[in-house]
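# Close look at the chain arrangement
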Amino acid sequence: MNARAKGCRKSICTPEYLKGFFLFTMFLLFLFPLQGAGGWSPLVSDQYQWLQIDLGERMEVTAVATQGGYGSSDWVTSYILMFSDGGRNWKQYRHEESISGFPGNTNADSVVHYRLQPPFEARFLRFLPLAWNPKGRIGMRIEVYGCAYRSEMVNFDGKSSLLYTFNQKSVSPTKDVISLKFKTRQTDGILLHREGQNGKYITLELVKGKLILSLNSGHANLPSPDARVTLTLGSLLDDHHWHSVRIDLLNTQVNFTVDRHTQHFQAKGKSSYLDLDYEISFGGIPGHRKAVAFPHKNFDGCFENLYYNGVDIIDLSKKHKPQILIMGNVSFSCSHPQIVPVTFLSSRSYLALPGVAGEDKVSVAFQFRTWNRAGLLLTTQLRHGPGALTLVLDDGKLKTRVAKLTSRVMLPLNSGDCFWHLVSLSLKGNHLSVMVDGEAASVAHSLRGKIDSGDTYYLGGCPDSSSGPGCGGALAGFQGCLRLISIGDQEVDPITVQQGTLGRFRDLQIDSCGLMDRCLPSYCEHGGECSQSWDTFSCDCAHTGYTGATCHSSLYEQSCEAHKHRGNSSGLYYIDSDGSGPLGPALVYCNMTEDTTWTSVQHNGSHLARIKSSNGEGPRPVFFKYTASMEQLQAIIDRADHCQQELAFHCKRSRLSTRHDGTPVSWWVGRTNETHSYWGGSLPDAQKCACGLQGNCLDSQYHCNCDADRNEWTSDTVVLSHKEHLPVTQVAMRDTGQPHSEAAYALGPLLCQGDNSFWNSASFNTETSYLHFPTFRGELSADVSFFFKTTAPSGVFVENLGITDFIRLELQAPAEVTFSFDVGNGRCEVTVRSPTPFNDDRWHHVRAERNVKEASLQVDQLPTRTQPAPADGHARLQLNSQLFVGGTATRQRGFLGCIRSLRLNGLALDLEERATMTPGVEPGCPGHCSSYEHLCRNGGRCRERPRGVACDCAFSAYEGPFCESEISAYFGTGSSVIYNFQEHSNYTFNKNSSSFAALFHEDLTLAGEIATLSFRTTGTPSLLLYVSSFYEEYLSVILAPNGECWDPENKDTELENQDHNEMGPLGVKLQKGNTISRLAILVLLGVPPGADPDTLRAGARGFTGCLSAVRFGPAAPLKAALRPGGPAPVTVTVRGPVAAATRCGSGPTDGGQPLVNADRSDSAVIGGVIAVVIFILLCITAIAIRIYQQRWLYQKNESNIPQTGDNAETALKSEVNVQNIVSESQKEYFF
């Protein structure tokens, strides 16, 4: 606390300062200071009692304290503090943005102090009790703290102004500071203006109740958005209360503060806002100033304590100093308003005013302002006439209706803008007229009977007991402010209503307009648009990339690694590296490979750039602009395990460094704007290219190929991989001045690998162990997200405590996760319950968010649970302890298990680093496949990695990160693939290298589902598959031409998915009791030797078309042919024209919209179906499968079996020399 604050904390509620007090009450005891006897206690305890204190003059009030009635059960538990300069037009002090009242006492003896931040200046104070001890009544002892307040005022009448001319020596060369307070009833007006050369100026203007600071740099060559800047602050500033303003100009930086809110602006370039003329005007713009092109209106209201660089402008004006030129009627005092507004606090509020009954006309006028777009403004019952006269707001339009008549007067109105609107209504004879803000509308009615005015007018609503015309409908009551009310020709004084001598009312606040702007400050984050009503606000998050009640949560994953582990394939994605942080999403390409995940960020210079000198001048550096901002790029790089960028140089008599001293003539610039002359693979500042380090340059005298200065094209390709310097933002090649010299280069995209926070984890081994981090700062919005897995039934994940506030996430029961917190409104809990337990040793994702609107909790894909926040409750979460992860401060209810990827408000915490130095906690956590094995499809196996998982597709007919990319080939006439099972069998049996080895052992058999494949062709009949064994059993899959199963007598097999309108895998199953033993060969699409006549006829014409995803048991014959080097050294023979293809099911994908958190399983199915519908050639065929079991032949000729087997084996091995040979005439097909 500074000396000023310390000296401004003495009691001013003493005879020395207290000039008088007034109590709106029916009974007064006495007013005594704290710790004294007595106190204030009204006879009736209700919401309309208040205590008013007159301090005699305006003083600075810094604190208040309350106590209950002496020796009683009377105390106030909450109250409102209001203040005023002149005893009218009261304003409520709000000590927190959305809090309506102060906390009071819990007994009669304790003293509750409250320091006012910020303090305020006033002469009059009012204490309005909101709640009190239910077993007693209102009782208060009050102390007010503060000090004297010095004030200099000046009043402008809307036509006057001040012009201050100052000496150049009095101006600070580095800083200008302007400060003042103002109050006005007008919505528009110039507060200050200063000009310079070339159209440069600075203007502070009140526009529609908001302050706008306009800055013009005067640079015509700058784009318009950079040359002229506007900063907007404040709202409802036409309330005739004091508002403080401060402007700090520091060359190119501007700080703009209105009341409690500040905006900062940093100008681009070297433009200075201090380079202005030595004149500044206040209250208006002098007529001879021509720089400002926009229309303006002089200020009408009061300034207080106006200072320019410490100079008291008002004091100089009062003393008529020569530096001040006074234009127009300026006075040095500020009048107090006599207008008495009325606030309608709730939808149940109403004001009933008497009228003169029996008159032949109705005339009502008033002003109103509101945020709401609907509400009842006025209703009155007409006697002996057509019914009721009603005036309502409906969807922002003003509607007037006379009951039983179909016509209406309807005027468009910008209701909800919270401006004051003047409404005048008159009904006489058969003519109804309404005037709104000077615009009139009228309509003539054929009324039955004469107009006979009623005796009561209801404004804002109706009493509960009233159910007449205009009351009791679905339309809610009015919430807002009214003033200048007149009934007939008589103006209504609301003070008489407050004193009980006129009319009656409910839920009104008289002599105050209690509107507050719930969008100031705006709690809508990330550019969300704030809109409001009387008691709440809402955020429109459209086109922001964020969601939630306050647009806090990102719609996108944090990295390509996160996208991959949601099952997404390679493609364009938005990623949001800092989650709910300020950076925003960036569009990147995610390349999902089997081993890792690459993030690719493009720029605007990906094509080869040729460089030549012009006019003897060296070429200028080339600047690169990326699809992400530099802040987003830095976040991507920081999260990555490794980053690199390829730079390819092509040179002809153009060097990278000079011959003699190695001075670089080419260089590149990184993200920190530092120049670098080292090239890929080398250490910084070692001017060698990769060939120089590897010793393989074209000329060993040089460290780069280009430095050889040859008269022919040479090249250097480098890979830059120092994360601290990436990305490349500029490249300069300056040695192009020699005759016939040329150069070119190409910069690749920024490539980053992995995500070092996604798998960052810690294992908690004891209930008393925990990790601690600095205090979590999430006052107004906080989100926590992480993965956990455990076998324990309960435990605390995260906890952070304050004095009374706290935040906690815990596994409360095996199937319950609870998010609890307290921000001063009492404990709030949000719980997600699961039909299955969470303690299943699988990873579960938790995301909790708390903001000023609501709290939410989501676990995995279960429905999100929300809890709304109190409308006018405490909003700030105030924590001061360390953040505990995996335990609590009391070392009780600790968590047993693993926590991974913990992020708080988008900031990732390094659990592994902290775990290395914490007993009972270990870095890392094994066992990911139990949660991610579902990503490995089509027979792929999940393999554990130290940081994540990988899909092993060795025994799958597919490939890719998730074993879902088809392996396809187009077969020409006479082509085939022959797969030797015997070598596979021997290898797997001898090496025991996989769980599939036993399937091929000669003592075992194959049964059940044995084959799947997909195909597309227009030729029938065709042989698709032929398998034979050493027992001379065989299986053939034949594509028949007639649409029926060929050979219906043999039903040894079953076909699955015969609907070829949708191309899916064709499954072949052996029925119960049928087996194939000791497999020998498998032939795709060819005619095997020794086959039966039916198979030979089917294969005679050959197969022409596409075949993909072929699997036979655990073997993938087509994959073995097209992707050699698999886990087993099998023999595969390829005959004829066979060409690899992307897939048979669809053609190449075109560029479309980037996927946003797409579910891969859904998108793959939909994409596949669409592709099939478009491209598939319908094949109305049938497939006949025949198994000839000739084990009796084997038993009959047992002695000949080895020879037969040897012959078959020899025949297959004779074809090894043509393995993987593709005909020269083959073509690669793309749909």
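Please read these numbers as outputs of a predicted model, since none were measured by experiment.

Within the protein, the regular secondary structure consists of 15 helices and 86 strands. Evaluated residue by residue, the protein yields a buried proportion of 53% over its 1231 residues. Long-range contacts, defined as pairs at least 24 residues apart, comprise 72% of the intrachain contacts of the protein with a sequence gap of at least 6. Accessible area of the protein: about 54,700 Å², with a carbon and sulfur share of 50%.

A separate point is the confidence of the model for the protein. For the protein, the average pLDDT comes to 79, and 76% of its residues sit at 70 or higher. In the predicted structure, residues 1069–1073 sits below a pLDDT of 50 and forms 20 contacts with residues beyond four places in sequence or in another chain. In this model, residues 1146–1231 is a region of pLDDT below 50 whose contacts with residues beyond four sequence positions or in other chains number 160 contacts.

Next up on the list: the pairing of strand β34 (residues 456–459). Examined bridge by bridge, strand β25 (residues 350–354) and β34 share four bridges and lie antiparallel to one another. From the neighbouring strand, Leu353 faces β34, where its bridge partner is Tyr457.

This part covers the pairing of strand β18 (residues 261–266). As paired strands, strand β17 (residues 253–258) and β18 are joined by six bridges and run antiparallel to one another. Looking across to β18, one finds that Asn255 is bridged to His264.

Counted under the stated rule, the structure contains 13 disulfides. Between Cys898 and Cys925 runs a disulfide, and the two sulfur atoms are separated by 1.9 Å. Across the S-S bond of Cys898 and Cys925 the torsion is about 75°, and the bridge reads as right-handed. Taken together, the residues Cys898 in strand β66 (residues 897–904) and Cys925 in the loop between β68 (921–923) and α9 (929–932) connect sequence positions 27 residues apart. The two residues Cys898 and Cys925 agree in class, both being buried. What pairs with Cys953 in a disulfide is Cys963, and their sulfur atoms sit 2.0 Å apart. Taking the torsion about the sulfur-sulfur bond, which here is approximately -95°, the covalent link between Cys953 and Cys963 counts as left-handed. Of this pair, Cys953 sits in the loop between β70 (948–952) and β71 (958–959) while Cys963 sits in the loop between β71 and β72 (965–966); the two residues are ten residues apart in sequence, bridging distant segments of the chain. Accessibility expressed as a relative area gives 0% for Cys963, which makes it buried.

Bringing helix α11 (residues 1093–1100) into the picture now. Among all positions of α11, only Asp1094, Thr1095, Ala1098 and Gly1099 are buried. Considered in projection along α11, the buried side chains sweep an arc of 125° and stay on one side of the axis. Pointing more than 90 degrees away from the buried face of α11 are the exposed residues Pro1093, Arg1097 and Ala1100.

Secondary-structure assignment places Val245 in strand β16 (residues 243–250). Look at Val245 and you get buried, because its relative accessible area is 4%. Spatially, the C-alpha atoms of Val245 and Val258 are 4.7 Å apart, while their sequence positions differ by 13 residues. Not counting residues up to four positions away in its chain, the partners in contact with Val245 are Ile178, Ser179, Leu180, Phe182, Leu204, Leu211, Phe256 and Thr257.

Turning our attention to the pattern of salt bridges. Side chains carrying opposite charge are able to pair once their charged atoms draw close together. One pass over the full model with this rule turns up 35 salt bridges. For Arg947, the salt bridge is made with Glu912, and the minimal N-O distance between the two is 3.0 Å. Taken together, the residues span a long stretch of sequence, with Arg947 in the loop between β69 (941–945) and β70 and Glu912 in helix α8 (residues 911–915) at a distance of 35 residues. Each of the salt bridges in this network shares a partner with another, and the network as a whole consists of Arg58, Asp85, Lys183 and Glu304.

A sheet is described by the order of its strands in space; here six strands give the open sequence β56-β65-β58-β59-β60-β61, paired in antiparallel fashion. Each edge of the open sheet carries a strand with a single partner, namely β56 (771–773) and β61 (828–833). Across the sheet, the mean angle separating the axes of adjacent strands is 15° when strand polarity is ignored. Both strand β58 (residues 795–801) and strand β59 (residues 806–813) contribute to a ladder of six bridges, which runs antiparallel. Considered in β59, the bridge of Leu801 is made with Phe806.

The tally for this structure, following the rule as stated, stands at 35 aromatic pairs. Centre to centre, the rings of Phe786 and Phe797 are 5.1 Å apart; their planes meet at 55°, and the pair counts as tilted. You can see Phe786 sitting in strand β57 (residues 781–789) and its partner Phe797 sitting in strand β58, a full eleven residues away along the chain. The exposure class of Phe786 is buried, given its relative accessible area of 0%. When its relative accessible area of 0% is taken as the criterion, Phe797 is described as buried. Aromatic ring contacts, followed pair by pair, group Tyr79, Phe83, Tyr93, Phe102, Tyr114, Phe120 and Phe127 into a single cluster.

Within the secondary structure layout, Gln645 lies in strand β48 (residues 642–652). Residue Gln645 is classed as buried on the basis of its relative accessible area of 1%. Here the side chain of Gln645 touches Val728 through a polar contact of 3.1 Å, landing on its backbone nitrogen.

Let us look at the side chain of Gln558. Assignment of secondary structure puts Gln558 in the loop between β42 (553–554) and α5 (560–564). For Gln558, the side chain forms a polar contact with the side chain of Arg903, separated by 3.3 Å. Ignoring any residue separated from it by four or fewer positions in sequence, one finds Gln558 in contact with Ile575, Asp576, Ser577, Arg639, Asp755, Ser757, Phe758, Ser901 and Arg903.

What follows deals with unusual backbone geometry. The linkage connecting Gln117 with the following residue, Pro118, adopts the cis geometry, with an omega of 0°. Along the chain, Pro118 turns up in strand β7 (residues 112–132). With an omega of -5°, the peptide bond between Leu520 and Pro521 qualifies as cis. Mapped onto the elements of the fold, Pro521 is located in the loop between β38 (508–510) and β39 (529–532). For Asp511, which is not a glycine, the phi torsion comes out positive at approximately 70°. With respect to the secondary-structure elements, Asp511 resides in the loop between β38 and β39. Since its relative accessible area comes to 1%, Asp511 is described here as buried. With a phi angle near 50°, Asn905 is a residue other than glycine that sits in the positive phi range. Topologically, Asn905 is positioned in the loop between β66 and β67 (907–908).

Moving on, we come to the sheet that holds strand β10 (residues 161–165). Across the sheet, which stays open at both edges, the seven strands sit in the order β15-β14-β13-β12-β19-β10-β22 with antiparallel pairing between neighbours. Of all the strands in the sheet, the pair left with one neighbour each is β15 (228–233) and β22 (324–327). Strand-to-strand, the axes of this sheet are offset by a mean angle of 15°, without reference to chain direction. As defined by bridge partners, strand β14 (residues 210–216) adjoins β15 across six bridges and the pair is classed as antiparallel. Within β15, the position partnered with Asn216 by the bridge is Arg228.

So, how was this worked out
Residues numbered from 1 in each chain as written. Predicted model: local features only at pLDDT ≥ 70, side-chain atom pairs only at ≥ 80, totals over all residues. Heavy atoms only, no water. Helix = DSSP H or I, 4+ residues; strand = E, 2+ residues; numbered from the N terminus. Buried < 20%, exposed > 50% of the residue type's maximum accessible area, 1.4 Å probe, protein only. Contact = heavy atoms within 4.5 Å. Areas by Shrake-Rupley, 256 points an atom, 1.4 Å probe, with all protein chains shown as cover. pLDDT = per-residue confidence, 0-100. Pairing = 2+ DSSP bridges. Disulfide = S-S within 2.5 Å. Arc of directions from axis to C-beta. Salt bridge = Lys/Arg side-chain N within 4 Å of Asp/Glu carboxyl O. Axes fitted to C-alpha atoms, helices over the stretch in contact; angles between N-to-C directions. Phe/Tyr/Trp six-rings, centres within 6.5 Å; stacked < 30°, edge-to-face > 60°. Polar contact = N/O pair within 3.5 Å; in protein donor to acceptor, adjacent residues only side chain to side chain.

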